[in-house]
Amino acid sequence: MQLHISPSLRHVTVLPGKGVREFIKVKIGSRRLSYRMVFYSLLFFTFLLRFVFVLTAVDTIDGETKCSTIGCLGKRLGPRILGRQHESPVPEVMYQILDEPASKDEIQGRDDIPQTLEEFMAEVKDSRSDARAFAIKLRAMLTLLEQRTRTAKIQEYLYRHVASSSIPKQLHCLALRLAAEHSTNANARLQLPSAELVPYLVDNSFFHFVLASDNILAASVVASSLIRNALRPHKIVLHIITDRKTYSPMQAWFSLHPLSPAIIEVKGLHHFDWFTKGRVPVLEAMEKDQQVRSQFRGGSSAIIANNTEKPYVIAAKLQALSPKYNSVMNHIRIHLPEVCLRQLFPSLNKVVFLDDDIVVQSDLTPLWDIDMEGKVNGAVETCRGNDKFVMSKRLKSYLNFSHPLVAENFDPNECAWAYGMNIFDLEAWRKTNISQTYHSWVEENLKSDLSLWQLGTLPPGLIAFHGHVHVIDPFWHMLGLGYQENTSLADAESAGVIHFNGRAKPWLEIAFPKLIPLWAKYVDSSDKFIKSCHIRASS
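Just so it is clear, the structure is predicted and the values come from calculations on it, not from any experiment.

*Asks:* Give me the lowdown on the overall build of the protein chain, citing residues and values where you can.
*Replies:* Helix and strand content of the protein chain: 22 helices and twelve strands. Within the protein chain, the proportion of its 539 residues that are buried is 45%. Of the roughly 30,000 Å² of accessible surface on the protein chain, 55% is carried by carbon and sulfur atoms.

Listed below in C-alpha cells is the structure:
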C-alpha cells in the first residue's frame, strides 16, 4: 500500500499494493495561518520568557532570606502549584526558646548579658553561635532590658506621684504672704463683691461661673483667662468657693487684684450653715474613703513593690492615692448645684462649673445659648477624637464591670464624659435625685473595698448623672494637657477651654514645657507677691 500526499497538503491518497487502481482519497480542510496570529503568538512567548527571566533574576539577587514583591509571588505561588508547603527561614528551635519565659537564675547575678544591640551583634559574630544559642542569648538580653524598663517606668510614676501630691514651696509661700497681707492690710480684706454689686449675684441676666479651689495661683489664672477672653466682661459673675485655711489669702488676692468690670465673689465653706451643722454626706464619704484607701492600698511602697502588675496599673493605683481625690474641693461639686446653690443662688437657672486646672481661651457666654433639652449636665464626651490616648474613655475605663452590680446596670462601651468645664441646668437638677444616687453608690463602693471603682469622683459622677448628660461640642473643652506631651499645640491653641487634667499641672516642675506658655501668659510675673515667692511661670 502506498501513501501519496499532495504538495498543497490538501489531499492524501492511499493506493493498494497489488496495483489495483482502487484507492481511498481523503480530503483535508483548508488550514490558513494568518500573519496576525503569528504576531500575537510571538508576542505572548516573548512576554512569558521575560517574566520567567525577571522572576529568576530577582530571586537570585534577593537571596534566601529577603523577598521582593515579584520574588515573593514566585516563592509563594510556586510551592502551592507544586503542592508543597513554604518553609519558614527561621528555625523552629528559635520559636521554642523565645516562647519559654526566662528564669530568674538565668538573669540574676550574670554580668555576661549584652547591654546593647551592638554588644549582642558583636558577641554573635565572634562566637558564631547556632540558632539555639542565638535565641537563648537574645532572650536573656530582652528580658533584662524589659525588667530595667519596667523598673524605670515605675520609678518615673512614683516621682510624678510625689511631685503632684506635694505643695510646691512657691505656692506655699504665696499663701503665707497673702495671709499676712490679709491680717495687716485693710485693702486685702475688702468685701467681695462690694455691697452695691451683691444683687447681681442672683441675677439671671448675668453669666454665672463657679470655681471651687484651694489653689490661689491656679484660681487667679482661671479668673484672669475667663474675664480677659469675655466679650462682655461686665456681665460675668465668678463665684469662688474655697476652704477655711485658704479663704483669707484667696480674699486678699482678689481684693488686691480686682478684675473689673467683672464681679468676683469669694466664699469659704465655713460660711455655709449646711456645711457646719448636721451631717454632711461629702465629708462622711471622704472620711470613710480615706480609711478604706489606707487599708486597701498599703501606701505607695506596697504598690510599687508588686512585681506582677503592669506599670500602667501601678500608675493608676498611685494616682488613686493623690490627695486631690480626697479633697473637699474635688468632692463638693456634686453638691453645689443641688444643695449649696439652693441656699446661695436659689433663683439662678444655669451655671458653668470650672476646675482650677483649666485655661479659658474663648468667650464662654455662648454656652448659655445651648439648648440642654431637659438634661442637667452639659459635658464633652471622651470617647471620640483624634487623640486616641485621651479621647478613648468609656464607662469600662472607670467602672469595674466584673462586679455584677456594675454589669447589671450599665453598658461598658457607653461613652464617658469629662469634668472640668460643665454646664449645669439648676432647674432640671432640682427635679432629680442625682445627689442621692451619688451617695448610695459611694457608700456601696466603700462597703465593697473599692471594688466598683478605685479612684476619683468622676466614676460616681458618671453613675449619678447617667441619663442626665447633654453632649456639647469638643471645642469647649480640650483635655489631656497634663497627661502627655504629644498634645498638638495648634489644637490646644484653637480650643475654647484647655484642661491640664493629669499629674503634670502647669504650676509644677513636671509640667510639659511646650504647653506651659498657654497657662503662664495669664500669670503676672511683675506682681510683687509672684516675684517675692520666685514663681517662674514661664520656665
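*Asks:* Pulling in residues and values, what's your account of unusual backbone geometry?
*Replies:* Glycine aside, a negative phi is what most residues show, and trans is what most peptide bonds show. A cis amide bond links L192 to the next residue, P193, at an omega of 0°. Structurally, P193 can be placed in the loop between α7 (169-184) and β4 (207-212). Backbone torsion omega between S260 and P261 reads 10°, so that peptide bond is classified as cis. Along the chain, the position of P261 falls in the loop between α9 (244-256) and β6 (263-268). Unlike most non-glycine residues, E373 shows phi in positive territory, near 55°.

*Asks:* Summarise the pairing of β4; cite the residues concerned and give the values.
*Replies:* Where burial is concerned, most of β4 is hidden: six out of the six residues are buried. The side-chain alternation of β4 yields two buried faces, one formed by F207, F209 and L211 and the other by H208, V210 and A212. One ladder, built from six bridges, connects β4 with strand β5 (residues 236-242); its direction is parallel. Looking at the pairing, F209 lines up with L238 of β5. Sheet analysis places β4 next to strand β7 (residues 350-354), joined by three bridges and oriented parallel. By the bridge assignment for β7, F209 is matched with V352.

*Asks:* Any chance you could break down a nonpolar patch on the surface for me, citing the residues and the numbers?
*Replies:* Together, F44, F45 and L48 make up an exposed nonpolar region whose accessible area comes to about 320 Å². Residue position: L48 is located in helix α1 (residues 35-62). A relative accessible area of 39% places L48 in the partly exposed class.

*Asks:* Please provide a residue-by-residue account of the packing of α7 against α9, values included.
*Replies:* Packed helices, taken two at a time, are described by their axes: the angle between them and the distance between them. One way to put it is that α7 packs onto α9 with a least axis distance of 8 Å and a crossing angle of 75°. Accordingly, the angle class assigned to the pair α7 and α9 is roughly perpendicular. Along its contact with α7, which presents L174, A175, L178, A179, E181 and H182, the element α9 presents S248, P249, Q251, A252, W253 and L256.

*Asks:* Describe in detail the pattern of salt bridges, supporting the description with residues and values.
*Replies:* Where charged atoms of side chains with opposite charge meet at close range, the side chains can pair. Summed over the entire model, instances satisfying the criterion amount to three salt bridges. For the salt bridge of K245 with D243, the shortest nitrogen-to-oxygen distance reads 3.6 Å. By relative accessible area, K245 is classed as exposed at 62%. Assessed through its relative accessible area of 16%, D243 is described here as buried.

*Asks:* Tell me what's going on with the sheet that holds strand β10 (residues 421-425), and back it up with residues and numbers.
*Replies:* Taken in spatial order, the seven strands of this open sheet run β6-β5-β4-β7-β10-β9-β11, and their pairing is mixed. What marks the edges here is a single partner per strand, and that holds for β6 and β11 (469-471). When strand polarity is set aside, the average angle formed by the axes of neighbouring strands in this sheet is 25°. Note: strand β9 (residues 377-379) against β11, three bridges, orientation parallel. Each residue of the ladder has a partner; that of N377, found in β11, is V469. Contacting β4, β5, β6 and β7, helix α8 (residues 216-228) crosses the sheet at an angle of about 170° to β5.

*Asks:* A description of the pairing of β7 should follow, citing residues and the corresponding values.
*Replies:* Counted residue by residue, β7 has five buried out of five residues, so it is predominantly covered. The side-chain alternation of β7 yields two buried faces, one formed by K350, V352 and L354 and the other by V351 and F353. Alignment of β7 against β10, held across five bridges, turns out to be antiparallel. Looking at β10, one finds that K350 is bridged to D425.

*Asks:* Give me the lowdown on the packing of aromatic side chains, citing residues and values where you can.
*Replies:* In this description, a pair of aromatic rings is defined by centroid distance and the angle of the planes. A full pass over the atoms with the stated rule returns twelve aromatic pairs. Plain terms: the ring middles of F207 and W368 are 5.2 Å apart, the flat faces sit at 75° to each other, and that makes the pair edge-to-face. Remark: W368 occurs in the loop between β8 (358-360) and β9 and F207 occurs in strand β4; sequence separation between them is 161 residues. For the pair F207 and W368, one class covers both residues: buried. Grouped by ring-pair contacts, the aromatic residues F353, W417, Y419, F424, W429 and F465 constitute a single cluster. Positioned over the ring face of F206 is K235, at 4.2 Å from the centre of the ring.

*Asks:* Report on helix α6 (residues 131-165), specifying residues and quantitative values.
*Replies:* The end-to-end C-alpha separation of α6 is 50 Å, in line with the 51 Å expected for 35 residues at 1.5 Å each. Among the residues of α6, A135, L138, R139, A140, M141, T143, L144, I154, Y157, L158 and H161 are the ones counted as buried.

*Asks:* Just give me the short version of the state of the cysteines, but keep the residues and values in it.
*Replies:* Considering all chains together, one arrives at two disulfides under this definition. Across the disulfide, C173 is cross-linked to C533 (sulfur-sulfur distance 2.2 Å). Given an S-S torsion of about -80°, the disulfide between C173 and C533 has left-handed geometry. Taken together, the positions of C173 in helix α7 and C533 in the segment after α22 (528-532) put the pair 360 residues apart, joining distant regions of the chain. On the accessibility criterion, C533 (3% relative accessible area) is buried. Each disulfide pairs two cysteine sulfurs, and for C383 the partner residue is C415, the sulfurs being separated by 2.0 Å. Measuring the twist about the S-S bond at about -110°, one finds the C383-C415 disulfide to be left-handed. Residue C383 is found in the loop between β9 and α16 (404-409), and its partner C415 is found in the loop between α16 and β10; the two are separated by 32 residues along the sequence.

Criteria and thresholds
Residues numbered from 1 in each chain as written. Predicted model: local features only at pLDDT ≥ 70, side-chain atom pairs only at ≥ 80, totals over all residues. Heavy atoms only, no water. Helix = DSSP H or I, 4+ residues; strand = E, 2+ residues; numbered from the N terminus. Buried < 20%, exposed > 50% of the residue type's maximum accessible area, 1.4 Å probe, protein only. Areas by Shrake-Rupley, 256 points an atom, 1.4 Å probe, with all protein chains shown as cover. Pairing = 2+ DSSP bridges. Patch = residues over 30% accessible without salt bridge, like charges linked within 9 Å, V, L, I, M, F, W, Y side chains within 5 Å. Salt bridge = Lys/Arg side-chain N within 4 Å of Asp/Glu carboxyl O. Axes fitted to C-alpha atoms, helices over the stretch in contact; angles between N-to-C directions. Parallel < 35°, antiparallel > 145°, perpendicular 65-115°, else oblique. Contact = heavy atoms within 4.5 Å. Phe/Tyr/Trp six-rings, centres within 6.5 Å; stacked < 30°, edge-to-face > 60°. Lys NZ or Arg CZ within 6 Å of the ring centre and 35° of its normal. Expected span 1.5 Å × (residues − 1). Disulfide = S-S within 2.5 Å.

Interpretation note: all reported values are geometric properties and have no functional meaning in isolation.
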